[in-house]
Every structure is written in C-alpha cells, then in structure tokens.
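The lines below spell out each chain.
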Amino acid sequence: MKVFQGLEKKNIKKNVFKEIEKSKKFFEKPLVGSYSGHKEGIKCIDRHPINPNLFFSGSLDGEIRFWFLNKKKCIYSFSDYNHSIRGLTIDCKGKELISCSDNGTILKWNISEPKKKPKIFYSKKENFNSITTYPFSFFFATGGKELLFWDQLTFKPIQRFFWSTSSISKINFNPNEPNILSSLCSNCAVILYDLRLKIPVKKIFLEMASNDLSWNFNQTSEFVVANEDSNIYTFDLRNMKQAKKVYRDHVMPVNCIEHDSKGHVFISGSSDTTVRLFQNNKPKSLDIFFTKRMKRILDIRFLLNENFFITSSDDGNLRIWTKKINLTNEFVNKQNLRKKNNRLPNIENIVIPKIKFLPKVIKNLKRLKKIF
C-alpha cells in the first residue's frame with residue numbers, strides 16, 4: 001500500500017508542475033507582435049537612436065523598409081538594390097540612413113525625406129559586408145576586402161586598414177572608447193583596430209568563424225562573440241589569449257548578438273530558431289523565446305525601451321518580444337491546485353522546478369552536444 005501511495009503522490013506532483021507551466025505560458029505571452037511584407041529573409045535591422053517608434057529593415061531581395069511601431073505597419077519602402085543588402089546604420093543624430101550591398105554600392109538616405117534620391121557610392125573593387133556609424137560624430141566604417149573609415153559629409157573614405165587577404169564579415173565600434181574598432185574575418189580571426197594609431201592592434205584566432213560581435217556598455221574592455229560552433233565567448237582586451245567566459249546553450253551556429261545599455265544582460269539569435277536571454281555572470285540562459293513558424297534568426301536588436309527587442313528571421317518576418325518574465329501569483333496557483341488535487345495536503349512545500357519546454361529537434365541536438 002505504501003508503494004502505491006508513493007506513486008500516487010509522484011503522479012499528483014507531475015500534474016501540479018504541468019498546471020503551473022501551462023499558467024505561466026498563458027500569462028507571460030512574450031511575443032508582442034509580428035510584421036510581414038518582405039519577400040525574402042531579413043538580413044539586417046536597426047532602430048532609430050532618438051525616435052522609439054521608428055526602425056528599419058533590409059532584406060536579401062534588396063528591399064529596405066521603414067516601420068512605425070504605433071501604426072503597426074510599413075510607412076515607406078524602396079528597392080533600389082539589385083543585390084542583397086548586407087548592412088544598415090543610422091548616424092548619431094538620427095538624420096541619415098546608410099546602407100551597403102555586396103555589389104560594392106553604398107546609399108545614403110535622408111530619413112525625413114525618404115522620397116528624395118539617395119547619394120550613391122559605387123566601387124568595382126569592393127564588396128561591402130558590414131557597416132557601422134561612429135558613436136559621437138558624422139563618420140562611419142565599412143568592412144569588405146579591407147576596412148574603410150569614411151567621412152559622412154563628404155561621402156568619401158579617409159582611412160584604410162588592411163591586414164590579411166581574408167574578407168571582413170562584421171565590424172563594430174566600442175561605445176565607450178569609439179577609437180577602438182573590432183572586426184570579424186572569414187579566416188576565423190577577431191581583429192582590433194585603433195584609429196589613432198592607424199594600424200591593427202590585436203589579433204586572435206578561433207577554431208571556427210564568428211558571425212557577430214557586441215561590446216559591453218558597462219565593462220569597457222569586454223565584448224562577446226557569436227560563433228559558428230554554437231557557443232558565445234566573452235573576451236577581455238587586457239588578456240585575449242583565452243576566453244573569459246563561454247556560454248553553451250545554443251545547439252546551432254549563433255548568428256546575432258546584442259548587449260543592453262546597462263551591460264547586465266545580452267540576447268542572442270541562432271540557426272536553431274531560438275532566441276536566448278543571458279546574464280553576464282551566468283553561463284546558462286535566463287529565458288528562451290521561440291515559435292513554431294519562426295526560421296533561422298539573422299539579426300536582433302533591443303528597442304529604446306529595453307524591455308522589448310526585435311528579431312528578423314529567414315522567413316521574412318519581424319517579431320517583437322518582451323524580455324519581462326511575468327509570473328502568475330503563486331498563492332492563486334496553489335489555491336486552484338488545492339481544489340483539483342485534494343489528496344495532496346502539503347502543497348505549500350512543493351518546490352516548483354524551472355522547466356523549459358523546447359522543440360524535440362533542439363532537445364535531441366542538445367543531448368548530442370553533451371555527448372560529443
């Protein structure tokens with residue numbers, strides 16, 4: 001009889017956990033909304049630095065769209081590119097949008113007058129893969145066969161950096177020390193440049209190529225790298241021989257990553273169709289975001305209100321998520337569970353585990369990753 005009573009209690013506890021998880025999923029609702037309109041995958045997105053309702057997206061079919069959060073629709077779109085768009089960026093004052101393509105074209109648009117023809121720069125020798133603006137002035141940088149530093153007003157390159165024959169896939173300025181510029185190369189290298197010295201400063205090699213890089217706003221010397229081996233690495237400028245921290249929760253290549261302005265958490269998007277929220281001090285993710293229809297995630301950005309972030313995926317949709325974890329009242333949960341399970345008197349003493357439901361494919365890949 002004691003054995004049967006023990007089995008009954010275990011089954012009741014399992015039912016309790018399932019009910020609690022169902023109520024959490026019902027009340028949290030992390031997906032706020034979605035925006036559709038692009039015909040192909042959305043390669044890059046960027047938010048306006050001043051207007052919290054305005055953001056931009058560029059797709060692989062050469063189309064750029066202006067989106068307004070309040071109206072929940074696209075307010076303007078144009079497709080002047082014959083090739084896929086590789087990068088978007090907005091200047092520090094929020095007046096101009098600059099985009100680059102892999103056919104060697106850079107366009108500069110006036111955001112207040114988008115119907116005007118943009119300024120065009122075309123180069124037969126260059127294939128631009130990435131673009132980013134200088135944080136405090138009217139300059140920007142592009143990455144391709146070589147790294148170029150541009151004057152935004154004259155729309156001409158004023159500095160050139162060249163170290164190896166490999167192409168540059170991603171570049172990013174340090175927000176606190178803007179003279180330091182980081183780049184990711186196709187030969188699995190991470191290179192740091194100093195604009196004052198006009199030469200590359202440091203170079204490290206990883207086992208596989210990296211896809212994205214983000215600087216920590218709180219710790220000036222730290223940055224995180226999203227790698228093809230499904231891991232995220234934190235490096236320190238003072239000692240780059242070894243990674244300071246490693247985050248291993250993803251099971252497929254990590255394509256995009258971004259820190260919040262406080263520097264305490266960061267979000268990452270992967271080819272395993274999930275978004276994960278990490279805390280700097282913890283190796284495991286705090287939360288996981290996914291939907292059944294979402295495909296490979298290509299870019300991710302925090303909105304100005306950093307309780308929300310936006311993702312772009314290979315299915316041509318933009319999705320807005322909230323990172324707030326709104327749990328239901330435990331007292332109400334236990335009252336409801338007490339009515340359903342009268343046989344379990346000490347329901348207050350149950351420790352509710354943190355169960356995270358994932359697709360079966362990701363669960364199987366996670367097991368394989370642990371084995372290998």
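Description of the structure in this document. All of these numbers come straight from a predicted model, not from anything done at the bench. (Residues numbered from 1 in each chain as written. Predicted model: local features only at pLDDT ≥ 70, side-chain atom pairs only at ≥ 80, totals over all residues. Heavy atoms only, no water.)

**Observations regarding the overall build of the protein**
Moving on, step 1. Within the protein, the regular secondary structure consists of three helices and 28 strands.
Moving on, step 2. Out of the 372 residues belonging to the protein, those deemed buried represent 50%.
Moving on, step 3. Sequence separation of at least 24 residues holds for 45% of the intrachain contacts in the protein that already meet a minimum separation of 6.
Moving on, step 4. For the protein, the accessible surface area stands at approximately 19,600 Å², while carbon and sulfur atoms represent 52% of it. (Helix = DSSP H or I, 4+ residues; strand = E, 2+ residues; numbered from the N terminus. Buried < 20%, exposed > 50% of the residue type's maximum accessible area, 1.4 Å probe, protein only. Contact = heavy atoms within 4.5 Å. Areas by Shrake-Rupley, 256 points an atom, 1.4 Å probe, with all protein chains shown as cover.)

**Notes on a nonpolar patch on the surface**
Moving on, step 1. Residues Leu197, Ile199 and Val201 make up a contiguous nonpolar surface patch of roughly 270 Å² in combined accessible area.
Moving on, step 2. Inspection of the secondary structure assignment puts Ile199 in strand β17 (residues 199-205).
Moving on, step 3. Given a relative accessible area of 46%, Ile199 falls into the partly exposed group. (Patch = residues over 30% accessible without salt bridge, like charges linked within 9 Å, V, L, I, M, F, W, Y side chains within 5 Å. Salt bridge = Lys/Arg side-chain N within 4 Å of Asp/Glu carboxyl O.)

**Quick look at the sheet that holds strand β19 (residues 222-227)**
Moving on, step 1. On the basis of which strands lie adjacent, the open sheet formed by four strands has the order β18-β19-β20-β21 and antiparallel pairing. One side of each edge strand has no neighbouring strand; the edge strands of this open sheet are β18 (210-215) and β21 (245-247). Neighbour-to-neighbour, the strand axes of this sheet turn through a mean angle of 20 degrees, independent of strand direction.
Moving on, step 2. Two strands pair when backbone bridges link them, and strand β20 (residues 232-236) and β21 are joined in this way by three bridges, in the antiparallel orientation. Note on β21: the bridge partner recorded for Thr234 is Lys245. (Pairing = 2+ DSSP bridges. Axes fitted to C-alpha atoms, helices over the stretch in contact; angles between N-to-C directions.)

**Focus: unusual backbone geometry**
Moving on, step 1. One non-glycine residue, Lys72, adopts positive backbone phi at about 60 degrees.
Moving on, step 2. Assignment of secondary structure puts Lys72 in the loop between β4 (64-68) and β5 (73-78).

**Quick word on the pattern of salt bridges**
When their charged atoms lie close together, side chains carrying opposite charge are able to pair.
Moving on, step 1. For the structure shown, the criterion picks out 13 salt bridges.
Moving on, step 2. Where Lys244 meets Glu222, a salt bridge forms, and the shortest distance between an N and an O atom there is 2.3 Å. Taken together, the residues span a long stretch of sequence, with Lys244 in the loop between β20 and β21 and Glu222 in strand β19 at a distance of 22 residues.
Moving on, step 3. With relative accessibility at 8%, the residue Glu222 sits in the buried group.

**Topic: the side chain of Asp194**
Moving on, step 1. Relative to the assigned elements, Asp194 resides in strand β16 (residues 189-194).
Moving on, step 2. The buried category is assigned to Asp194, whose relative accessible area is 10%.
Moving on, step 3. Of note is the side chain of Asp194, whose polar atom sits 3.1 Å from the backbone nitrogen of Arg196.
Moving on, step 4. The residues contacting Asp194, other than those within four sequence positions of it, are Phe161, Asn179, Ile199 and Val201. (Polar contact = N/O pair within 3.5 Å; in protein donor to acceptor, adjacent residues only side chain to side chain.)

**So, the pairing of strand β27 (residues 308-313)**
Moving on, step 1. In terms of burial, β27 is largely enclosed, as five of its six residues are buried.
Moving on, step 2. The hairpin formed by strand β26 (residues 297-302) and β27 contains five residues between the paired strands.
Moving on, step 3. With five bridges connecting them, β27 and strand β28 (residues 317-322) associate as antiparallel partners. Each bridged residue has a counterpart across the sheet, and for Phe309 the counterpart in β28 is Trp321.
Moving on, step 4. Here β27 hands over to β28 after three residues, with Gly316 in that stretch at a positive phi of 85 degrees.

**Observations concerning a positive patch on the surface**
Moving on, step 1. Residues Lys284, Lys360, Lys363, Arg367 and Lys370 make up a contiguous surface patch of positive charge.
Moving on, step 2. Position of Lys284 among the secondary structure elements: in the loop between β24 (275-279) and β25 (287-289).
Moving on, step 3. The exposed category is assigned to Lys284, whose relative accessible area is 62%. (Lys, Arg positive; Asp, Glu negative; His and termini not counted. Charge placed at Lys NZ, Arg CZ, Asp CG, Glu CD.)

**Observations concerning the state of the cysteines**
Cysteine pairs can be linked by a disulfide, which is a covalent bond between their two sulfur atoms.
Moving on, step 1. According to the stated counting rule, one finds zero disulfides in the structure shown.
Moving on, step 2. Here Cys188 is not disulfide-linked; the sulfur of Cys185 is the nearest cysteine sulfur, at 9.8 Å. (Disulfide = S-S within 2.5 Å.)

**So, the sheet that holds strand β14 (residues 168-173)**
Moving on, step 1. On the basis of which strands lie adjacent, the open sheet formed by four strands has the order β14-β15-β16-β17 and antiparallel pairing. Whereas interior strands pair on both sides, the edge strands pair on one side only; in this sheet they are β14 and β17. With direction set aside, neighbouring strand axes in the sheet form an average angle of 20 degrees.
Moving on, step 2. Both strand β15 (residues 180-185) and β16 contribute to a ladder of five bridges, which runs antiparallel. Within the sheet, the bridge partner assigned to Ser182 lies in β16 and is Leu192.

**A few points about the environment of Arg296**
Moving on, step 1. On the secondary structure map, Arg296 appears in the loop between β25 and β26.
Moving on, step 2. With relative accessibility at 35%, the residue Arg296 sits in the partly exposed group.
Moving on, step 3. Separated by 44 residues in sequence, Arg296 and Met252 place their C-alpha atoms 9.9 Å apart.
Moving on, step 4. Not counting chain neighbours up to four residues away, the residues in contact with Arg296 comprise Asn255, Ser270, Ser271, Thr273, Ser312, Ser313 and Asp314.

**Observations regarding the environment of Gly316**
Moving on, step 1. For Gly316, the position within the fold is in the loop between β27 and β28.
Moving on, step 2. When its relative accessible area of 1% is taken as the criterion, Gly316 is described as buried.
Moving on, step 3. Along the sequence, Gly316 and His38 sit 278 residues apart, while their C-alpha atoms lie 5.2 Å from each other.
Moving on, step 4. With residues near it in sequence (within four places) discarded, Gly316 still touches Tyr35, Ser36, Gly37, His38, Glu40, Gly41 and Ile42.

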